[in-house]
Amino acid sequence: MSSLFKIILVDDLKDNLIALEALVKRDDVEIIKAESGEDALRLMMTQDFALALIDVQMPNMNGFELAELMRGSNKTKNIPLIFVTATARAQNFLFKGYESGAVDFLLKPLDAHAVNCKINIFIELERSKREQKDLLLKLTQTQKNLEQVALVRDEFMAIASHELKTPLTSLKLQAQLRKRNLQKKGVEYFTPETMTKMFNDDERQLQRITHLIDDMLDISRISSGKLSMNFEQFNLGDMVKDLVERNQELFLQAECPIELDISSSIVGNWDRFRIEQVVMNLITNAMRYGQKKPILVQVRDSALGGQIIVKDNGNGIAIENQQKIFLRFERVGSGQEITGLGLGLYIVKKILEAHKGSIQVMSKLGDGATFLVELPHTNDT
Amino acid sequence: MLPCKPILIVEDDRAIRSALQDFFSGEDYTVYLAEHGQAAINLLALESTVIPGLILVDLMMPVMDGITFLTELQKKHPLIYEKSAIFVMTARTDVHKLNLKAISVIKKPFELDELSRIALKYCQEN
């Protein structure tokens, strides 16, 4: 769209039009000429004019009549008018359209300076109008964006508080149960074995809460572009083996046997803590949906660096949901509700993006799901 | 102690399931457990003579969620749906939107005293 302002000159005498055009000519203006009121109206219907300079003295339709007609149409009623007239007589004030918009007069013989000054004023007016329109558009967009951010934040808070209630429910139930047991069975009930189990259970729930809160913090950092990375050299296969060993008890609880297949001896420069987060996330998901069937965790070399594969034999993920699971707090409906903040895979994706890596899922309903992580070598230190 | 009707608990969180089982067993109720809606349906099909006095069902579970379970229950075991007191357990605060009739709501985290009262009312009294 041209940023030139369009001005229409209306005069039945061609010579006058040419003379006027010479006076009005400016770099920021496009001049259109019309030799009658009818022509002018036709042109005004299909183009947007910032200003109309109209000769009053015209046959068939004079300047005032043209102006009245312009005022009668929505498209043209706001176009500022400058009447060009030879006399300053009373007849000039026969025009009745003053309230409807800017009106001005130029007296013939035309003074170049007067013409330029008046044109200037109207051009500036139009420029002002355009800027306002742009600003309004920008404001509306900003408002929409802010509303969206607020919505996302609200939903996040709702989901976070909901998810935190599960471990809290468990802790509360246990606390109340123990009180009752103390009353009913006395302190003898609390043997060292019982208490050890109690403390372990508590620790597990507290771990869950911590994990959820860490996820929330990660999300907040990701949103503000501040997800921190600390690269270090480590052996990918060894890291995964070590991770699985450290979390043996947790994995035993889920009753999904893990099969480790580490055929890579690759050493790379990655964020160890974050990649552990990725693997941990994938394994816990596999356990949640694995239906107690074995889970395969593989680490392989690839052309670009390392590959981590986590495969479960649960119900699988429907094709229409396979992209959704990587979105922020996306919950997959129709009886396949994803518990947890629905953040895990989103965070995993962001971590891998920060490593210039990727994650893909391959799955068929009824046939489990395979998550493939590509971790290319980085040159960052 | 009066003859008790059994309690069915449908909840995916292991720790909550286990705590509820400990609690109700401690009060001498017979407890049936299921990890999700599908497992509960299967269990009821196997134990065909069982009509729980009380069913506690979580809303958010993998494989088959609470609402789907209740719909299935109404279809496959209409007698149980009618006779058992059904309580939906939820952490959500906007569950008044539930459209299923005769279903009560109990919010998480719950009070054992309240559970005790509910079990007494629906499993012991005639």
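Residues numbered from 1 in each chain as written. Chains lettered and ligands numbered in written order. Predicted model: local features only at pLDDT ≥ 70, side-chain atom pairs only at ≥ 80, totals over all residues. Heavy atoms only, no water.

### Observations regarding the overall build of chain A
Regarding its fold elements, chain A presents 9 helices and 12 strands. The buried share among the 381 residues of chain A stands at 45%. Nonlocal contacts in chain A, meaning residues at least 24 apart in sequence, comprise 67% of its contacts between residues at least 6 apart. Of the accessible surface of chain A, which amounts to about 21000 Å², a share of 55% is contributed by carbon and sulfur atoms. (Helix = DSSP H or I, 4+ residues; strand = E, 2+ residues; numbered from the N terminus. Buried < 20%, exposed > 50% of the residue type's maximum accessible area, 1.4 Å probe, protein only. Contact = heavy atoms within 4.5 Å. Areas by Shrake-Rupley, 256 points an atom, 1.4 Å probe, with all protein chains shown as cover.)

### Remarks on the side chain of Ser363(A)
Looking at the secondary structure, you find Ser363(A) in strand β11 (residues 358-363). The class of Ser363(A) is buried, set by a relative accessible area of 14%.

### A look at the sheet that holds strand β3 (residues 51-55) of chain A
Residues and elements named next belong to chain A. Spatially, β2-β1-β3-β4-β5 is the arrangement adopted by the 5 strands of the open sheet, whose pairing is parallel. Of all the strands in the sheet, the pair left with one neighbour each is β2 (29-34) and β5 (103-107). On average, adjacent strands in this sheet sit at an angle of 20 degrees to one another, irrespective of strand direction. Where strand β4 (residues 81-85) lies against β5, 5 bridges are found, and the strand directions are parallel. Bridge assignment links Thr85 to a residue of β5, and that residue is Leu107. (Pairing = 2+ DSSP bridges. Axes fitted to C-alpha atoms, helices over the stretch in contact; angles between N-to-C directions.)

### Quick word on the interface of chain A and chain B
Each partner contributes to the interface: chain A provides 26 residues, whereas chain B provides 31 residues. With both chains or domains summed, chain A and chain B bury close to 2500 Å², and 53% of this area falls on carbon and sulfur atoms. Its largest share of buried area at the contact with chain B, chain A owes to His162(A), Leu173(A) and Arg180(A), together 23% of the area lost on that side. One salt bridge connects Lys292(A) with Glu35(B), and the closest N-O pair in it is separated by 2.5 Å. On the surface where chain A and chain B come into contact, there are 8 residue pairs in polar contact (both at pLDDT 80 or more). (Buried area = accessible area lost by both parts, 1.4 Å probe. Salt bridge = Lys/Arg side-chain N within 4 Å of Asp/Glu carboxyl O. Polar contact = N/O pair within 3.5 Å; in protein donor to acceptor, adjacent residues only side chain to side chain.)

### Here's the deal with the confidence of the model for chain A
Of the residues in chain A, 92% reach a pLDDT of 70 or more, and the chain-wide mean stands at 86. A low-confidence stretch, residues 333-340 of chain A (pLDDT under 50), is modelled with 26 contacts involving residues beyond four sequence positions or located in other chains. (pLDDT = per-residue confidence, 0-100.)

### Concerning the packing of aromatic side chains
Evaluated as defined, the whole model comprises 8 aromatic pairs over all chains. Taking the ring centre of Phe234(A) as reference, the NZ or CZ of Arg272(A) above it sits at 5.4 Å. (Phe/Tyr/Trp six-rings, centres within 6.5 Å; stacked < 30°, edge-to-face > 60°. Lys NZ or Arg CZ within 6 Å of the ring centre and 35° of its normal.)

### Comments concerning the nonpolar core
Counting residues in hydrophobic clusters, the biggest one holds 45 residues, and the most contacted among them are Leu236(A), Ile275(A), Leu282(A), Leu352(A), Ile359(A) and Phe371(A). Examining the composition of this core, we find that 8 residues originate from one element, helix α8 (residues 272-289) of chain A, more than from any other. When residues no more than four places from it in sequence are discounted, the contact partners of Phe371(A) are Leu282(A), Ile308(A), Ile309(A), Val310(A), Ile317(A), Ile325(A), Phe326(A), Leu345(A), Ile359(A), Gln360(A) and Val361(A). Ile9(B), Phe23(B), Phe24(B) and Leu54(B) belong to the second-largest nonpolar core, a separate cluster that totals 23 residues. (Core = buried A, V, L, I, M, F, W, Y, C linked by side-chain atoms within 4.5 Å.)

### What about the sheet that holds strand β3 (residues 54-58) of chain B?
Residues and elements named next belong to chain B. Strands sit in the order β2-β1-β3-β4-β5 across an open sheet of 5 strands; the sheet is parallel. The open sheet is flanked by β2 (31-34) and β5 (103-107), the only strands paired with a single partner. Mean inter-strand twist for the sheet, computed between neighbouring axes without regard to direction, equals 20 degrees. In terms of strand pairing, strand β1 (residues 7-10) meets β2 through 4 bridges, oriented parallel. Opposite Val10, over in β2, you have Ala34 as the bridge partner. Running at roughly 145 degrees to β3, helix α3 (residues 66-76) makes contact with β1, β3, β4 (85-90) and β5 of the sheet. Against the sheet, helix α5 (residues 112-124) touches β1, β3, β4 and β5, its axis set at about 135 degrees to β3.

### Section: the pattern of salt bridges
Opposite charge on two side chains makes pairing possible when the charged atoms of those side chains draw close. Residue and element names in this part refer to chain A. Summed over all chains, the structure comprises 30 salt bridges over all chains. Asp104 is the partner of Lys118 in a salt bridge, and the nearest nitrogen-oxygen pair spans 3.1 Å. With Lys118 in helix α4 (residues 112-185) and Asp104 in strand β5, the pair connects residues that are 14 residues apart, well separated along the chain. In this structure, Lys197 and Asp201 form a salt bridge, with 2.9 Å as the shortest nitrogen-oxygen distance. Remark: Asp201 and Lys197 occur in helix α5 (residues 192-223); sequence separation between them is 4 residues, near one turn of the helix.

### Some points on helix α3 (residues 63-71) of chain A
Residue and element names in this part refer to chain A. Among all positions in α3, only Gly63, Phe64, Leu66, Ala67, Met70 and Arg71 are buried. When α3 is viewed along its axis, its buried side chains cluster within an angular range of 160 degrees and face the same direction. Contact partners of the buried residues in α3: β1 (5-10), α2 (37-46), β3, β4 and β5. Here α3 starts with a cap whose side-chain oxygen sits 2.8 Å from the backbone nitrogen of Phe64, and that cap is Asn62. (Arc of directions from axis to C-beta.)

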